Every structure is written in C-alpha cells, then in structure tokens.
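An overview of the molecular structure
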Amino acid sequence: MRAASHMTKQDDKQYLTEEQYASEEGLNTRTAIQDRYGTSSTAWFHWVFDHLELAGKARVLDIGSGSGQLWWQNWHQLPAGVRLILSDLSLPMVKAARERMPRYPNQPGITFQVADAEALPVPRACCGVVVALGVLDHLLQPENCLAQVHRVLAPGGMFYTSAGGRRHLHELGELVRPYLPDEGYGGDSERFGLENGRAMLSEWFSTVSVFPFEDMLLFREVGPIVDYVRSEGTVAQKLKGLKLAGFVEQLKQQLAARGEIAITREKALFVARL
C-alpha cells in the first residue's frame, strides 16, 4: 500500500461536499463549456458511455455519480433491464440526480444513495458493472475504494474509472497561478492518474485497458474562461475585485496577441475486469 499523500482540498471530504460539490451548478457549467469549446468530436459523457459494456449486466453502481449526467445524457441507449445505483458523497448531488431522472419515460429501476466511496452500503458481489469517474484522485488512499469495488463486483464484473494526466488543464493553472497560487490543476504523481492508474488497478483486476481522451478547449473570448475558473469550488469567492480585474486583463492581452487561448484536456478511461 502506498503512503498517504498530504491532505489537500482535493481530498478533503468536508470541502468536497460543502463547497466543491454543494450543488450541481458548477459541474454543469464546466461540462457545458467543455462540450461547447472542446475540439473532440464526441462529448465526454457520450464518449465514456460508448465504452461501457452494459448488456446483460443487471445492476450497475455509479460511485460519485454527481447529478447523474452520464446516465441522463445517454438515457435512451440504456439496455432494457439495467438497474442503476447512483451513489455520491454529496446529498445535494444525489438530490439533483433524483430530480433529473424522472423527466424520462420508461426508466429502469434506480436507487439513489448518499455514500462514501470507501464504505459502500452495497452487498458483496451484487453488481456486474461499477463506474467511478473522477473519484479515485480525490482519495488519500484510493486502495480503500478499490477494495470496496472488488467486494461489490460479481465474478467477471467490469470497473470503469477515469483520471487526468499531468498536462490536464495545465495552461489554465498557469493563467490562474499569479492570482490564486494555491489553486492546483493537472495531475499529481502521488495520486491516482493517467500515468500510474494502470499499475494501481492491476493489483486488483485481472486485465486493465486504458483509453485516452485528448481534447483541447479553444477560447476566443474572455467570458467562458472566467466562468470556467470561477465555477470551481470557492474560486468565485477569492477571484474578485482587483484579482479578477487583473485576471481578465491578462486574458485580454493573451487573446490579442495569440487570437485564441488553448487549454489541454488530458484524460483517460480505465477499463478493468475482475
């Protein structure tokens, strides 16, 4: 087992539930901007869904499901008979998912639960598929979550998880750092990520495949960049007044000089079989 990393906001569960994911608004803002300004031909949640093997998998557990975007964006492609368990540490996110799902007809059985990824209230070997997008890099000891996933998966079950690489949002970090030096972007070699994810998963699963999702966000105006940055956690509270004015002026100067600002999205989907 690897040594625990130093505690940061990224793995502070109180911060994540009370600030970062206290509502779906910030997450929805970032998703909308990514989909609109990204160069990938397929939006992230559609791309992930295309990689899922759901046929014949009666029960699917989504850990850290947020507002359930993966499912309500791809609702009409769900195989008949699939039963979903949408689980998140944040009660507001679970409520948002519950409100989203009933808008669609003929929905399969869905269970909504507030749960810690390291202590899942789910019976042993009950799921054919477990999904955890962008979850493991929030954990000081992702092995605790992986042990839970290993416990709840049925023999031959599939686990899908994702993480960013060191280049993920690197340029955004460079833009923000002069004004908010404590805000971090991109991968961390001590956390679960693109560079070390396969090795960590291989300790728990018989096979692990990695599917890169490389995208660029191309901006030709200031507003969407500011909206993206200020949608993160408590950034809106800190990036204001003179700091915000300086940040905006910096963006204007770079856009005038370059014509556009490019932000790298370097992510990957890991597909592991028990």
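None of these values were measured; they are calculated from a predicted model. Per chain, the residues get numbers from 1 upward, laid out in the order the sequence is written. The model is predicted, so local features are restricted to residues of pLDDT at least 70 and side-chain atom pairs to those at 80 or more, both for listing and for counting; the totals for chains, interfaces and linings are taken over all residues. The basis for every side-chain value is the complete set of heavy atoms in the structure, and neither hydrogens nor water enter the calculation.

Right, let's talk about the side chain of Arg100 for a bit. Tracing the chain through its elements places Arg100 in helix H5 (residues 91-100). The rule is simple: take the accessible area with a 1.4 Å probe, protein chains only, and divide by the maximum for that residue type; under 20% is buried, over 50% is exposed, in between is partly exposed. In this structure Arg100 comes out as buried when scored by relative accessible area, which is 18%. Dropping the residues within four chain positions of it, Arg100 is found in contact with Glu24, Asn28, Ser67 and Trp72. Starting at the N terminus, helices and strands are each numbered in turn, a helix being any DSSP run of H or I of at least four residues and a strand any DSSP run of E of at least two. The criterion used for residue contact is that any of the two residues' heavy atoms lie within 4.5 Å.

pLDDT expresses how confident the predictor is about each individual residue, on a scale running from 0 to 100. Per-residue confidence for the protein chain gives a mean pLDDT of 88; residues scoring 70 or more make up 88%. Across residues 1-7, confidence stays below pLDDT 50; counting only partners more than four residues off in sequence or on other chains, it has 20 contacts.

Judged by nonpolar contacts, the single largest core of 29 residues is most densely connected at Leu70, Trp71 and Leu84. Elements with a minimum of two residues in this core: helix H3 (44-51), helix H4 (69-72), strand S2 (83-88), H5, strand S3 (110-114), strand S4 (127-133), strand S5 (153-164) and strand S7 (261-273). The residues touching Trp71, leaving out its near neighbours within four places in the chain, are Phe49, Leu52, Leu54, Val60, Asp62, Leu78, Leu84, Leu86, Met101 and Val131. We define a nonpolar core as any set of buried Ala, Val, Leu, Ile, Met, Phe, Trp, Tyr and Cys residues linked to one another through side-chain atoms lying within 4.5 Å. Ile85, Leu146, Ala163 and Val208 belong to the second largest nonpolar core, which has 28 residues in total.

Attention now goes to the environment of Glu174. Turning to its location among the elements, Glu174 is positioned in helix H7 (residues 170-176). A residue is classified by how much of its surface remains accessible, and Glu174, at 41% relative accessible area, is partly exposed. Each C-alpha atom of the pair Glu174 and Gly184 lies 9.4 Å from the other, and the pair is 10 residues apart in sequence. Here a polar contact means two N or O atoms within 3.5 Å. Within protein one must be a hydrogen donor candidate and the other an acceptor candidate, and residues neighboring in sequence count only if both atoms are side-chain atoms. Only 2.6 Å separates the side chain of Glu174 from the side chain of Arg177, close enough to count as a polar contact.

This part is about the side chain of Glu183. With respect to the helices and strands, Glu183 occurs in the loop between H7 and helix H8 (197-202). Residue Glu183 is classed as buried on the basis of its relative accessible area of 10%.

Right, let's get into empty space enclosed by the protein. A 1.4 Å probe that fits into a set of points on a 1 Å grid over the protein atoms alone but cannot get out defines a cavity; an open set with protein on both sides within 12 Å along at least five of seven lines defines a pocket, and lining residues are those with an atom within 4 Å of a point. Grid points are joined across faces, edges and corners, and a volume is the space filled by probe spheres set on the points. Under the counting rule described, the total for this entry stands at one cavity of 30 Å³ or more. The computed volume of the largest cavity comes to approximately 30 Å³. As for the largest cavity, its lining consists of Leu169, Leu172, Leu217, Phe219, Ile225, Tyr228 and Ile263. Contributing elements (two or more residues each) for the lining of the largest cavity: strand S6 (207-219) and helix H9 (222-230). Throughout this entry, Asp, Glu, Lys and Arg are counted as charged residues, while Ala, Val, Leu, Ile, Met, Phe, Trp, Tyr, Cys and Pro are counted as nonpolar. The remaining residues, Gly among them, count as polar. Of the residues assigned to the lining of the largest cavity, the class counts are seven nonpolar, no polar and no charged.

Note on geometry: axes are C-alpha line fits, over the in-contact stretch for helices, and angles between N-to-C directions span 0 to 180 degrees. Orientation of H9 relative to helix H11 (residues 241-258), taken along the N-to-C sense of each, is 140°, at an axis distance of 10 Å. Judged on the interaxial angle alone, H11 and H9 are oblique. Crossing hand, H9 versus H11: right-handed. On the side of H9, the interface is formed by Val222, Ile225, Val226, Val229 and Arg230, while H11 contributes Leu244, Phe247, Val248, Leu251, Lys252 and Leu255. Class assignment of the residues belonging to the contact of H9 with H11 gives a composition of nine nonpolar, no polar and two charged. Angle categories are assigned with fixed cut-offs, so that under 35 degrees is roughly parallel, over 145 is roughly antiparallel, 65 to 115 is roughly perpendicular, and the rest are oblique. Each helix crossing is assigned a hand: it is left-handed if the near helix lies turned anticlockwise from the far helix by less than a right angle, otherwise right-handed if that turn is clockwise.

With that settled, consider the packing of aromatic side chains. Here a pair means two rings of Phe, Tyr or Trp (six-membered ring of Trp) with centres within 6.5 Å. Their orientation is stacked below 30 degrees between planes, edge-to-face above 60, and tilted elsewhere. Enumeration over the complete set of coordinates arrives at eight aromatic pairs. Seen in terms of ring centroids, Tyr37 and Phe219 are 5.1 Å apart; in terms of plane orientation they differ by 35°. Their pairing is tilted. A residue pair is termed long-range when its members are at least 10 positions apart, and Tyr37 in helix H2 (residues 25-37) and Phe219 in strand S6 qualify at 182 residues. A single burial state applies to Tyr37 and to Phe219, both of which are buried. Look at Trp47 and Phe213: their rings are 5.0 Å apart centre to centre, the planes differ by 55°, and that puts the pair in the tilted class.

What follows is about the pairing of S7. Across the 13 residues of S7, 11 count as buried, placing the element largely inside the fold. Paired strands, in this sense, are two strands between which DSSP finds at least two bridges. Bridge analysis of S5 against S7 gives seven bridges, and the strand direction is antiparallel. Note that in S7 the partner of Thr161 across the bridge is Phe270. Pairing of S6 with S7 involves 13 bridges; the strand directions are antiparallel. Bridge pairing links Val210 to Phe270 in S7.

Counted as salt bridges are all cases of a side-chain nitrogen of Lys or Arg within 4 Å of a carboxyl oxygen of Asp or Glu. Inspection of every chain in the model, using the stated rule, returns nine salt bridges. For Arg30, the salt bridge is made with Glu232, and the minimal N-O distance between the two is 3.7 Å. A residue pair is termed long-range when its members are at least 10 positions apart, and Arg30 in helix H2 and Glu232 in the loop between H9 and helix H10 (235-238) qualify at 202 residues. We note that Arg30, like Glu232, is buried.

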